[in-house]
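# Secondary and tertiary structure notes
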Amino acid sequence: MYVTIVNVWVKENHIDDFIQATELNHRASIEESGNRRFDVLQSDENPHQFVLYEAYNSEDDAREHKKTSHYLNWRETVTDWMEQPRTGISYTGLFPA
């Protein structure tokens, strides 16, 4: 399993907009054949901080996700709402297998 954890810091005046746009991306992403999970988390302590937990069967499946229209639309829509560029770290998922 190929996992990416993406950290996003959203400008305070765009938090609701970000949530709406990200929900659309989430709903389409979980329909992708190679997707295993696509969780969207918001910090209780810092509501402008989000984590996206994206799990795919393989790195190729994750790469294909970044070519989809829903991802490209999300990326274009939310970029200006971020306090700083998002960061992503990739992991190999061990369990569940």
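Summarised in this report is the structure supplied together with it. (Residues numbered from 1 in each chain as written. Predicted model: local features only at pLDDT ≥ 70, side-chain atom pairs only at ≥ 80, totals over all residues. Heavy atoms only, no water.)

## Describing the overall build of the chain
The helix and strand inventory of the chain stands at 3 helices and 4 strands. Over its C-alpha atoms the chain spans a radius of gyration of 13 Å, differing by no more than 12% from the 13 Å that the globule rule assigns to 97 residues. On the principal axes, the C-alpha backbone points of the chain span a range of 40 × 30 × 20 Å. Within the chain, the proportion of its 97 residues that are buried is 34%. The long-range fraction of contacts in the chain, counting pairs at least 24 apart against all pairs at least 6 apart in sequence, stands at 70%. Roughly 6200 Å² of accessible area belongs to the chain as shown, and the carbon and sulfur atoms make up 48% of that amount. Of the charged side chains in the chain, 9 are positive and 17 negative, and the gap between their average positions amounts to 6 Å. (Helix = DSSP H or I, 4+ residues; strand = E, 2+ residues; numbered from the N terminus. Rg over C-alpha atoms; globule rule 2.2 N^0.38 Å. Buried < 20%, exposed > 50% of the residue type's maximum accessible area, 1.4 Å probe, protein only. Contact = heavy atoms within 4.5 Å. Areas by Shrake-Rupley, 256 points an atom, 1.4 Å probe, with all protein chains shown as cover. Lys, Arg positive; Asp, Glu negative; His and termini not counted. Charge placed at Lys NZ, Arg CZ, Asp CG, Glu CD.)

## What about the pattern of salt bridges?
For side chains bearing opposite charge, pairing can occur when the charged atoms are close. Enumeration over the complete set of coordinates arrives at 5 salt bridges. Across the pair arginine 63 and glutamate 59 runs a salt bridge, and its minimum N-O distance is 3.3 Å. With arginine 63 and glutamate 59 both in helix 2 (residues 59-65), this residue pair falls 4 residues apart, about one helical turn. We classify arginine 63 as partly exposed; its relative accessible area is 42%. With a shortest N-O distance of 3.1 Å, lysine 67 and glutamate 64 are connected by a salt bridge. Looking at lysine 67, the relative accessible area reads 55%, which means it is exposed. The network of salt bridges with shared partners includes Glu59, Asp60 and Arg63. (Salt bridge = Lys/Arg side-chain N within 4 Å of Asp/Glu carboxyl O.)

## Side note on the side chain of histidine 65
Position of histidine 65 relative to the elements: it lies in helix 2. With relative accessibility at 1%, the residue histidine 65 sits in the buried group. Polar side-chain contacts of histidine 65 include one of 2.7 Å to the side chain of glutamate 32. Histidine 65 has contacts with Asn25, Ser29, Glu32, Phe38, Glu54, Tyr56, His70 and Tyr71, leaving out every residue within four places of it along the chain. (Polar contact = N/O pair within 3.5 Å; in protein donor to acceptor, adjacent residues only side chain to side chain.)

## Regarding the nonpolar core
Grouped together as the largest cluster of nonpolar side chains are 13 residues, with contacts concentrated most on Val8, Val10, Phe18, Phe50, Trp74, Val78 and Trp81. Broken down by secondary-structure element, the contributors of at least two residues to this core are strand 1 (2-9), helix 1 (15-29), strand 3 (49-56) and helix 3 (69-78). The residues contacting phenylalanine 18, other than those within four sequence positions of it, are Val8, Val10, Phe50, Trp74, Val78 and Trp81. (Core = buried A, V, L, I, M, F, W, Y, C linked by side-chain atoms within 4.5 Å.)

## Description of the sheet that holds strand 4 (residues 87-92)
Here we have 4 strands laid out as an open sheet, ordered 2-3-1-4, and antiparallel in their pairing. Of all strands in the sheet, those bounded by a partner on one side alone are strand 2 (35-42) and strand 4. Averaged over neighbouring strand pairs, the angle between their axes works out to 15 degrees when direction is ignored. Contacts from helix 1 reach strand 1, strand 2 and strand 3 within the one sheet, and its direction differs from that of strand 2 by about 170 degrees. (Pairing = 2+ DSSP bridges. Axes fitted to C-alpha atoms, helices over the stretch in contact; angles between N-to-C directions.)

In short, geometric facts, not functional conclusions.
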